[in-house]
Amino acid sequence: MLRIFVLLLVIALPAAAQSVSGFADVTDGDTLQVGGVKVRLAGIDAPERHQPCVTSACGIAATQTLVALIGNDTVTCVLNGGRTYDRIAGTCSTPQIADLGRAMVMSGYAMDEPRYPPDYTFETQQAARSGHGMWVDPAQPAWVWRAAQTSSTTTPRDSDCAIKGNISANGRIYHVPGSQYYDRTSINASERWFCSVAEAEAAGWRAPR
């Protein structure tokens, strides 16, 4: 009976928030890898690495901004369990910056992502009024830019989703970056980009033979 009571007590308790800490490897303006975990900064959306603005390469600038904010500090991320592709959403901090997501929005190189918390609407409006970062140009939300790339033959919808799902006489074949046929393969509106080999194979695509 005691074992059953303890088991029920454990099940009833809310799961504690998980966190990861360590030095960060920055992927782009809203994604970093900490302690072996790929983390998406919760509540924000930064320009994709390949995304241009009117007068600047704002995707590259956003990546460089996050790198500069972190510097050589360690990063701690409290994970909220939400997932975007292979990333877990989390709120991250350094000893110098309490909320890296908020700092990115205030820098002008990220926007509030209205579908997900935390809410950075006020900070986004402040950065826009101040003309910081990508707000120097008419800024296009990253999710709008990604949607426009869906049928693109040259650019994936997300910088982490660069596997090409090609349809040919040989069937549905995926090509990973750096593979033999990757550069010569183009993607049209009826084909797909994938974020991982597992995703491609689950959708019915196979590796080239």
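From a predicted model like this one, the values you see are computed outputs, not experimental measurements.

### Things to note about the overall build of the chain
No. 1: For the chain, the count of helices and strands is six helices and 10 strands.
No. 2: Looking at the chain residue by residue over its 209 residues, the buried ones come to 43%.
No. 3: In the chain, of all internal contacts separated by at least 6 residues, the share reaching a separation of at least 24 is 59%.
No. 4: When the accessible surface of the chain is split by element, carbon and sulfur atoms take 56% of a total near 11400 Å².

### Looking at the packing of aromatic side chains
No. 1: This model, assessed by the stated rule, comprises one aromatic pair.
No. 2: Ring plane angle 65 degrees and centroid distance 5.0 Å describe the contact between Phe194 and Trp205, whose orientation is recorded as edge-to-face. Here the residue Phe194 occupies a position in strand 10 (residues 192-194), and Trp205 occupies one in the segment after helix 6 (197-202), the gap between them amounting to 11 residues. For the pair Phe194 and Trp205, one class covers both residues: buried.
No. 3: Its end group placed over the ring of Tyr182, Lys164 keeps NZ or CZ at 4.2 Å from the ring centre.
No. 4: Residue placement shows Arg172 over the ring face of Trp205; its charged tip is 4.7 Å from the ring centre.

### Concerning the packing of helix 3 (residues 100-107) against helix 4 (residues 121-130)
No. 1: At a minimum axis separation of 7 Å, helix 3 and helix 4 run at an interaxial angle of 25 degrees. Here helix 3 lies roughly parallel to helix 4, going by the angle between them. Note on element contacts: helix 4 touches helix 3 through Glu123, Thr124, Gln126 and Ala127, opposite Arg102, Val105 and Met106.

### Considering the state of the cysteines
No. 1: Scanning the model with the defined rule gives two disulfides in all.
No. 2: Here Cys77 pairs with Cys92 through a disulfide, and the sulfurs are 2.1 Å apart. Residues Cys77 and Cys92 are joined through a disulfide that is right-handed, its torsion about the S-S bond being 110 degrees. Of this pair, Cys77 sits in strand 5 (residues 74-84) while Cys92 is found in strand 6 (residues 87-93), placing the two residues 15 residues apart along the sequence.

### Things to note about helix 3
No. 1: Inspection of helix 3 places Leu100, Gly101, Ala103, Met104 and Val105 among the buried residues, and these make up the whole buried set.
No. 2: Its side-chain oxygen at 3.0 Å from the backbone nitrogen of Gly101, Asp99 defines the N-terminal cap of helix 3.
No. 3: Phi turns positive, to about 90 degrees, at Gly108, one or two residues after helix 3.

Thresholds, definitions, all that
Residues numbered from 1 in each chain as written. Predicted model: local features only at pLDDT ≥ 70, side-chain atom pairs only at ≥ 80, totals over all residues. Heavy atoms only, no water. Helix = DSSP H or I, 4+ residues; strand = E, 2+ residues; numbered from the N terminus. Buried < 20%, exposed > 50% of the residue type's maximum accessible area, 1.4 Å probe, protein only. Contact = heavy atoms within 4.5 Å. Areas by Shrake-Rupley, 256 points an atom, 1.4 Å probe, with all protein chains shown as cover. Phe/Tyr/Trp six-rings, centres within 6.5 Å; stacked < 30°, edge-to-face > 60°. Lys NZ or Arg CZ within 6 Å of the ring centre and 35° of its normal. Axes fitted to C-alpha atoms, helices over the stretch in contact; angles between N-to-C directions. Parallel < 35°, antiparallel > 145°, perpendicular 65-115°, else oblique. Disulfide = S-S within 2.5 Å. Polar contact = N/O pair within 3.5 Å; in protein donor to acceptor, adjacent residues only side chain to side chain.

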